[in-house]
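Chain and residue survey
Residues per chain are reported as follows:
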Amino acid sequence: MNMELRQEQERVNSVMETIGILKSERRKNLKNQNETTQNGGTFGSRGNFLLVMIMILGVFVAILNETLLNVALSKIMDDFGIEPSTAQWLTTGYLLVIGVLIPVTAYLIQRFTTRSLFLGAMGLFTVGTFVAAIAPGIEVLLIGRLLQAAGTGLLFPLLTNVVLSIVPIEKRGSAMGTIGIVITFAPAIGPTLSGIIVEHFSWRVLFYGVLPIALFVIIFAYVMLKNVTETTKPKIDPISLLLSTLGFGGIVYGFSSSGEGNGGWSSNEVLVPIAIGVVSLVLFTWRQLTISQPLLDLRTFKYNIFRMSTLIMMIIMMAMFSAMMLLPIFLQNALGYSPLEAGLIMLPGGIVMGIMSPITGRLFDKFGAKWLALIGLGLVANTLWQFAFITLSTPYSTIMIFNTLLMLGISMVMMPIMTNALNELPPPLYPHGTAIISTLQQVAGAVGTALLVSIMTNSSTRFMEKTVIKEPESTLQILAIIAGMKSAFLFAFGLVVIAWIVSLFIKRSVPQEEKLKIKQGAAN
């Protein structure tokens with residue numbers, strides 16, 4: 001009996017000791033959490049917080065430039081006496097460089113330190129901004145834009161990889177929501193800001209205004225920025241680099257050329273680059289799967305959530321670009337609004353995206369991505385449907401409300417889905433995952449823009465050919481624009497419905513390390 005009592009007492013002592021250890025660990029964790037909240041919140045320390053904030057500011061001004069020049073193209077054409085097909089290269093060339101460069105970022109992030117890569121990217125962007133500001137002609141302006149694009153293409157994947165490296169998984173939604181302010185708010189306010197500036201000042205102010213901010217970021221980063229990612233000495237495969245350049249570059253160039261007045265989809269200037277791009281991408285994929293150190297590790301697509309999330313991200317980029325591109329055309333060419341008025345209609349949506357990104361990040365940490373995606377994509381689909389049936393009598397305020405709801409839906413989808421996709425990958429694949437998603441987003445933007453413009457143009461042409469309405473030519477052209485808009489928005493609606501169906505199968509991703517621990521625990 002005494003032996004049994006002693007054994008029972010030992011068990012009780014062991015349990016009490018375990019409880020004490022757990023309480024001690026809990027107090028320690030609470031203390032660490034309080035210190036984290038006081039020092040750097042989501043990012044773990046004040047140093048990490050400053051690191052991410054200065055990188056976010058750099059990425060913000062870089063991404064802002066993607067849409068900042070769109071409204072100013074007509075003024076640039078007048079100043080330099082150039083045709084629309086030439087001016088379009090300021091946008092096409094920008095997308096082309098980013099599409100070619102982003103696949104290389106996985107290698108660069110592993111090869112160079114955070115500090116040197118960020119300073120190099122911001123340096124390229126700043127030099128490009130200065131060159132564009134003082135450009136005496138279209139050739140020099142284009143060189144400036146290409147240098148800007150080279151810096152921009154490096155910055156966003158680097159920022160995403162840094163956040164994945166320093167933020168624990170349970171707080172990544174909030175952190176990526178903060179980054180979402182950059183990827184959603186910056187391009188959304190670009191047309192508005194550009195419209196205000198161009199209406200009152202020279203288009204060069206668009207570059208001179210960005211220049212001091214870029215210089216401030218470089219100086220601050222030089223003093224404060226530290227290295228947070230581990231560097232290795234990966235070898236770069238020249239054949240993969242060539243195939244990547246031809247593949248992504250050919251696709252972006254071909255689809256972008258389709259909207260530049262080069263004879264449409266049947267012209268060699270469109271079909272040949274696309275054909276070269278497709279063949280090169282097939283060879284690129286085969287090579288990445290057969291060499292020991294791929295430029296882009298396509299094993300990321302072995303993970304189901306990553307595959308589905310990437311598809312949703314590509315579709316949502318097409319939907320966002322459709323609104324940002326088609327609405328200003330309708331407002332100016334059909335309703336007769338000024339560039340400033342067309343830009344202002346986009347402003348509330350941009351503000352909503354900026355406000356909602358951190359909020360949706362916190363909601364992602366708590367509930368996961370599935371319900372955010374279902375609600376957000378449902379909102380996007382409904383808004384695109386409403387856009388398809390706007391008419392000349394639709395009030396300005398109604399269109400503004402529709403656009404704001406569209407941007408609200410996009411903000412609920414974009415960063416949660418991206419974070420959920422990257423969370424499923426093991427850490428060695430983070431640079432490759434961010435590079436793949438960023439590349440496919442750019443390609444989707446270029447392809448989606450070309451497709452929607454083509455659909456709108458073809459539908460407008462068919463309307464003019466088949467109509468029997470006896471109206472003035474100007475009225476028929478406006479009605480043709482409305483018909484083209486309807487077809488383009490219905491096509492975008494169909495794509496978003498596909499994304500909504502895919503999101504039904506999205507699950508909350510569990511990191512590979514967590515899965516391994518769960519398996520080991522079950523085995524024990």
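Chains are numbered independently. Their residues run from 1 in the order of the written sequence. In view of the model being predicted, local features appear only for residues whose pLDDT reaches at least 70, and side-chain atom pairs are presented and counted only at 80 or more, with totals across whole chains, interfaces and linings using the full set of residues. Values reported for side chains reflect all heavy atoms of the structure, with hydrogen atoms and water molecules removed beforehand.

Right, let's talk about the overall build of the chain for a bit. Helix numbering and strand numbering both begin at the N terminus, where a helix is a DSSP run of H or I of at least 4 residues and a strand a DSSP run of E of at least 2. A count of helical and extended segments in the chain gives 20 helices and zero strands. Accessible area is worked out with a 1.4 Å probe on protein chains only. A residue is then buried under 20% of its type maximum, exposed over 50%, and partly exposed in between. Here the chain holds 524 residues, and the buried ones make up 52% of them. Contacts between residues were defined by any pair of non-hydrogen atoms, one from each residue, lying within 4.5 Å. Residue pairs at least 24 apart in sequence account for 84% of intrachain contacts in the chain once pairs closer than 6 positions are excluded. Put simply, the chain shows about 23100 Å² of open surface, and 65% of that area lies on carbon and sulfur atoms. A 1.4 Å probe and the Shrake-Rupley method give the accessible areas. Residues count as covered only by the protein chains that appear here.

Note on terminology: a nonpolar core comprises buried Ala, Val, Leu, Ile, Met, Phe, Trp, Tyr and Cys residues joined through side-chain atoms within 4.5 Å. In this structure, Met 55, Phe 118, Leu 141, Phe 330, Leu 384, Phe 387 and Ile 410 are the most contacted members of the largest nonpolar core, which totals 147 residues. By residue number, the principal contributor to this core is helix H13 (residues 304–334), which donates 19 residues. Filtering out sequence-adjacent residues up to four positions away, Met 55 remains in contact with Phe 118, Leu 158, Leu 159, Val 162 and Leu 225.

Looking now at the confidence of the model for the chain. Summary of the metric used: pLDDT quantifies the predictor's per-residue confidence within the range 0 to 100. When pLDDT is averaged along the chain, the result is 77, and 81% of the positions lie at 70 or above. Helix H16 (residues 370–387) holds the highest mean pLDDT among the elements of the chain, 91, whereas helix H1 (residues 2–39) holds the lowest, 46. Low confidence marks residues 14–19, where pLDDT is under 50. Its contacts with residues over four positions away, or in another chain, come to zero contacts. Note on residues 21–40: pLDDT is under 50 here. Beyond four places in sequence and across chains, it has nine contacts.

Checked against the element boundaries, Thr 126 lands in helix H7 (residues 114–133). Classification of Thr 126 by relative accessible area gives buried; the value is 8%. There is a polar contact of 2.7 Å between the side chain of Thr 126 and the backbone oxygen of Met 122. Apart from the residues lying within four places of it in its own chain, the contact partners of Thr 126 are Leu 211, Ala 214, Leu 215 and Ile 218. Pairing of N or O atoms within 3.5 Å defines a polar contact, subject to two protein rules: one partner must be a possible hydrogen donor and the other a possible acceptor, and residues neighboring in sequence count only if both atoms are side-chain atoms.

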